[in-house]
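Report on the structure
Listed below are the residues making up each chain.
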Amino acid sequence: MASLARIRSVVPRRMHLARAIQTAADTTQLHQDAHHSEPFTVKLHEDSFRGYRTDVPSLDVEVTKDNLLKWYKQMTLIRRVEQAADALYKQKLIRGFCHLAIGQEAISVGIDSATTFEDKIISSYRTHPFVILRGGTLKSLVGELLGRVCGVSKGKGGSMHVFTEAFQGGHGIVGAQVPLGAGLAFAQKYLGKKTATFTMYGDGASNQGQVFESFNMAKLWNLPCIFVCENNKYGMGTSAERSSSNTEYYTRGDKIPGIQVNGMDIIAVHQASKWAKEWVTSDKGPLLVEFVTYRYAGHSMSDPGTTYRTREEIQKMRSTQDPIRGLQRYISEWGLATEEELKAIDKEAKTEVDTAVEEAKASPFPDEKELWTDIYSAGTEPPYMRGREREEVFHYSQL
């Protein structure tokens, strides 16, 4: 340890002369008067984006009242259901792993706002929001967390393995979804579709070999793949600076261009996601997008989240850079909704989540025979399947 300390003392500290990305949630300014029925233009903070081997998206963004209120409703609903999941886990009604996205809501909502259900989105395991946004229901999400048959994965996947027809998961092995995302993008190009794949991973997965292999293949074949790094500053309990020699993840694609984005401002996330989709669907090849964000809770429910960072750091982020509060401020200051109307949205979200929780609790657990289903596509099963021991055999005629 002493020799390591000596080595550290002689290694020159890296100097960052470039301007840092802005991560405040409420620095966007009106460019013209806000309208209740017509689109209007707002201007993002000048440090909302940084580029590598490319220009960055325009800071002028056209928005509408309806979109801003829709995003507010979606983000509020996501936070409410994540808070409910926290409570259910502490009541021991949710078992196993459970990773919450509280603080990162702007990313899922912003990406969804710039895509259609024809586009592909694949991620790791902090993915509860995408169930709600991509065709699932609150009941199907909560049911899956509780392991009930009403769950979006029939109660067999749990928190880490949620899927919908428009969301490709929900994967538990760190970094393993990245080559799968490259494969989805390959299929899109092979079929001649003008759609995009958003392949998401965290800063904790950024040093995986398979991530760089996927970068190489995507660039080699010019795939319409957007590699999205959700940089929430900590991979489990390890800060990015302790795990990565280069923490500017948007620059790590070698010949693949990249942009870094303020992941706490929903308008910046929307603009970057829209720009990224236009990039890859214009046959420009793959792109790296790094959203700089922050998670308020621990890595998972088993992590208090305060052993490797201070409570003061967390509280500062909650009070000064919260994505929902930032959007709330835009809506209020631009005269698009009153405080009472926004409170009504929050109350409605709480009621919806409370109802979904009770309905999911009433759903039964899967039958034991369900252990043998979904191993093969329906109708392609073999006559029988061996279990844990040679004597444990299940014949599919029993279904």
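Residues numbered from 1 in each chain as written. Predicted model: local features only at pLDDT ≥ 70, side-chain atom pairs only at ≥ 80, totals over all residues. Heavy atoms only, no water.

Counting its secondary structure elements, the protein chain contains 12 helices and 13 strands. Taking 2.2 N^0.38 as the reference for a compact globule, 399 residues should give roughly 21 Å; the C-alpha atoms of the protein chain span a radius of gyration of 22 Å, in line with that estimate. Overall, the C-alpha framework of the protein chain stretches about 65 × 60 × 55 Å when taken along its three principal axes. Counting the 399 residues in the protein chain, one finds 51% classified as buried. Accessible surface, the protein chain as shown: approximately 19700 Å² in total, 51% of it carbon and sulfur. Looking at charge distribution, the protein chain has the averaged site of its 49 positive side-chain charges lying 5 Å from that of its 49 negative ones. (Helix = DSSP H or I, 4+ residues; strand = E, 2+ residues; numbered from the N terminus. Rg over C-alpha atoms; globule rule 2.2 N^0.38 Å. Buried < 20%, exposed > 50% of the residue type's maximum accessible area, 1.4 Å probe, protein only. Areas by Shrake-Rupley, 256 points an atom, 1.4 Å probe, with all protein chains shown as cover. Lys, Arg positive; Asp, Glu negative; His and termini not counted. Charge placed at Lys NZ, Arg CZ, Asp CG, Glu CD.)

Take helix 9 (residues 266-280) next. Along an α-helix, residues three or four positions apart point the same way, because every turn accommodates 3.6 residues. For helix 9, built from 15 residues, the straight-helix expectation of 21 Å at 1.5 Å per residue is met to within 8% by its first-to-last C-alpha distance of 21 Å. A distance of 2.9 Å separates the backbone nitrogen of I267 from a side-chain oxygen at the start of helix 9, and that oxygen is part of D265. (Expected span 1.5 Å × (residues − 1). Polar contact = N/O pair within 3.5 Å; in protein donor to acceptor, adjacent residues only side chain to side chain.)

Reading across from one edge, 1-2-4 is the order of the 3 strands in this open sheet, with antiparallel pairing throughout. One side of each edge strand has no neighbouring strand; the edge strands of this open sheet are strand 1 (29-30) and strand 4 (60-63). Across 4 bridges, the pairing between strand 2 (residues 40-43) and strand 4 is antiparallel. Bridging across to strand 4, T41 finds its partner in E62. Lying on the sheet, helix 9 is in contact with strand 2 and strand 4; it crosses strand 4 at an angle near 100 degrees. (Pairing = 2+ DSSP bridges. Contact = heavy atoms within 4.5 Å. Axes fitted to C-alpha atoms, helices over the stretch in contact; angles between N-to-C directions.)

To describe two helices that pack against each other, one gives the angle between their axes and the distance between the axes. One can describe the packing of helix 2 (residues 65-90) onto helix 9 by two numbers: an axis separation of 11 Å at closest approach and a directional angle of 105 degrees. Between helix 2 and helix 9, the crossing angle belongs to the class labelled roughly perpendicular. Contact residues: helix 2 offers L68, W71 and M75, while helix 9 offers I266, I267 and H270. Here the contact of helix 2 with helix 9 is composed, by residue class, of 5 nonpolar, 1 polar and no charged. (Parallel < 35°, antiparallel > 145°, perpendicular 65-115°, else oblique. Nonpolar A, V, L, I, M, F, W, Y, C, P; charged D, E, K, R; others polar.)

Turning to the side chain of T76, a few remarks are in order. Position of T76 relative to the elements: it lies in helix 2. In this structure T76 touches I324, D346 and A349, once residues within four positions along its chain are discounted.

Moving on, we get to helix 5 (residues 138-146). Among the 9 residues of helix 5, 8 are classified as buried, and the element is accordingly described as predominantly covered. Taken residue by residue, helix 5 has L138, S140, L141, V142, G143, E144, L145 and L146 as its buried positions. Just past helix 5, the residue G147 takes up positive phi, approximately 75 degrees.

Another aspect to go through is the sheet that holds strand 10 (residues 258-262). Within the open sheet, the 6 strands sit side by side as 3-10-11-7-6-5. Their pairing is mixed. Two strands in the sheet have a free side with no partner beyond their single neighbour: strand 3 (49-52) and strand 5 (120-122). With direction set aside, neighbouring strand axes in the sheet form an average angle of 20 degrees. As paired elements, strand 3 and strand 10 share 4 bridges and run antiparallel to each other.

Moving on: unusual backbone geometry. Between G169 and the following residue, G170, the backbone shows a cis peptide bond with an omega angle of 25 degrees. Among the secondary structure elements, G170 is positioned in the loop between helix 5 and helix 6 (177-190). Positive phi is not limited to glycine here, since K92 has a value of about 65 degrees. Considering the arrangement of structural elements, one finds K92 in the loop between helix 2 and helix 3 (105-113).

A word on the pattern of salt bridges. Pairing is possible between side chains that carry opposite charge, provided their charged atoms lie close to one another. A full pass over the atoms with the stated rule returns 18 salt bridges. The partner of E392 in a salt bridge is R388, and the shortest N-O contact between them spans 3.2 Å. Of the residues examined, E392 reaches a relative accessible area of 26% and is grouped as partly exposed. According to the relative accessible area criterion, R388 is exposed, its value standing at 74%. Bridged by salt links that share partners, the residues K154, K156, E370 and D374 form one connected network. (Salt bridge = Lys/Arg side-chain N within 4 Å of Asp/Glu carboxyl O.)

The subject of this paragraph is the confidence of the model for the protein chain. Per-chain confidence: the protein chain averages 94 in pLDDT, with 95% of residues scoring 70 or above. A low-confidence stretch, residues 1-17 (pLDDT under 50), is modelled with 4 contacts involving residues beyond four sequence positions or located in other chains. (pLDDT = per-residue confidence, 0-100.)

A few words on the state of the cysteines. In a disulfide, the sulfur atoms of two cysteines are held together by a covalent bond. Considering all chains together, one arrives at 0 disulfides under this definition. No disulfide involves C225; its nearest neighbouring cysteine sulfur is the one of C229, lying 13 Å away. Its relative accessible area of 0% is what places C225 among the buried residues. Looking at C229, the relative accessible area reads 1%, which means it is buried. (Disulfide = S-S within 2.5 Å.)

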